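# Geometric and topological summary
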Amino acid sequence: QLQLVESGGGLVQTGGSLRVSCAASGRSFSTWNIGWFRQAPGKEREFVATITGANTVYYAESVKGRFTISRDNAKNTVYLQMNSLKPEDTANYYCAAGRDGRILSPLGYGNWGQGTQVTVSS
């Protein structure tokens, strides 16, 4: 099991940047897949990006080229750098940890943080 805490959300203007962080406590952090998902009011939770234990990364098409996921195993932390933000990126952003092969689905993750709000103003 991993305990996850997100931070770094906030309010930013269209075109701006934010970096959100996911700090983990628990064993063998480097072996876990860590994903970022987001959920806007009235919408389902959707996949944003993930980095596997093998450091392979995957992105949703809607964020490809604008967002970058990375991990620092020495700090037990995963980062999501978000550039060229758009109003449609506004959501609560959650990080999640899993070891399931369903890395693009929330079903593949059994450990979740509490979320951090990102709001992009137009």
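All of the points below concern the structure found in this document.

### Re the overall build of the chain
Of regular secondary structure, the chain possesses zero helices and eleven strands. Listing every helix and strand of the chain by position from the N terminus yields β-β-β-β-β-β-β-β-β-β-β. Relative to its length of 122 residues, the chain is compact, with a C-alpha radius of gyration of 13 Å against a globular reference of 14 Å. In terms of principal-axis extent, the alpha carbons of the chain reach across some 40 × 25 × 25 Å. Buried positions account for 45% of the 122 residues belonging to the chain. Long-range contacts, defined here as pairs at least 24 residues apart, represent 57% of the contacts in the chain between residues at least 6 apart. The average position of the 12 basic charges and that of the 8 acidic charges among the side chains of the chain differ by 6 Å.

### A short note on the nonpolar core
Among the nonpolar cores identified, the biggest contains 34 residues, and I34, W36, L80, M82 and Y93 are the most heavily contacted of them. Listed by contribution, the elements that provide at least two residues to this core are β1 (2–7), β3 (18–26), β4 (33–39), β5 (46–51), β7 (67–72), β8 (77–82), β9 (91–98) and β11 (116–121). Looking at this core, the element that brings in the most residues is β9, giving five residues.

### Looking at unusual backbone geometry
Positive phi outside glycine occurs at S28, with the angle close to 55°. In this structure, S28 sits in the loop between β3 and β4. Its identity as a non-glycine residue notwithstanding, N76 has a phi of 50°, on the positive side.

### What about the environment of G35?
By the element assignment, G35 lies in strand β4. A relative accessible area of 0% places G35 in the buried class. Those residues in contact with G35 that lie beyond four places of it in its chain are A49, T50, Y94, C95, A96 and Y109.

### Some remarks on the environment of V48
Relative to the elements of secondary structure, V48 occurs in strand β5. The residues contacting V48, other than those within four sequence positions of it, are W36, F37, R38, Y58, Y59, A60, V63, F67, L80 and Y93.

Cut-offs and rules
- Residue numbers run consecutively from 1 along every chain, following the written order of its sequence.
- Side-chain atom pairs in this predicted model are given and counted only at pLDDT of 80 or more, local residue features only at pLDDT of at least 70, and totals for whole chains, interfaces and linings cover all residues.
- Computation of side-chain values: all heavy atoms of the structure, hydrogens and water removed.
- Numbered from the N terminus, helices here are DSSP runs of H or I no shorter than four residues, and strands are runs of E no shorter than two.
- Between the two quantities, the radius of gyration covers C-alpha atoms and the globule rule is 2.2 Å times the number of residues to the power 0.38.
- Here the term buried applies to any residue with accessible area under 20% of the maximum for its type, exposed to any over 50%, and partly exposed to those in between, with areas from a 1.4 Å probe on protein chains only.
- Whether two residues are in contact is decided by their heavy atoms, any of which lying within 4.5 Å being enough.
- Positive residues here are Lys and Arg, negative ones are Asp and Glu, while His and the chain termini are left out of the count.
- Lysine's charge is taken at NZ, arginine's at CZ, aspartate's at CG and glutamate's at CD.
- Nine residue types can take part in a nonpolar core, namely buried Ala, Val, Leu, Ile, Met, Phe, Trp, Tyr and Cys, and a core is a set of them joined through side-chain atoms within 4.5 Å.

In short, the description is geometric, and any link to function would need to be established separately.
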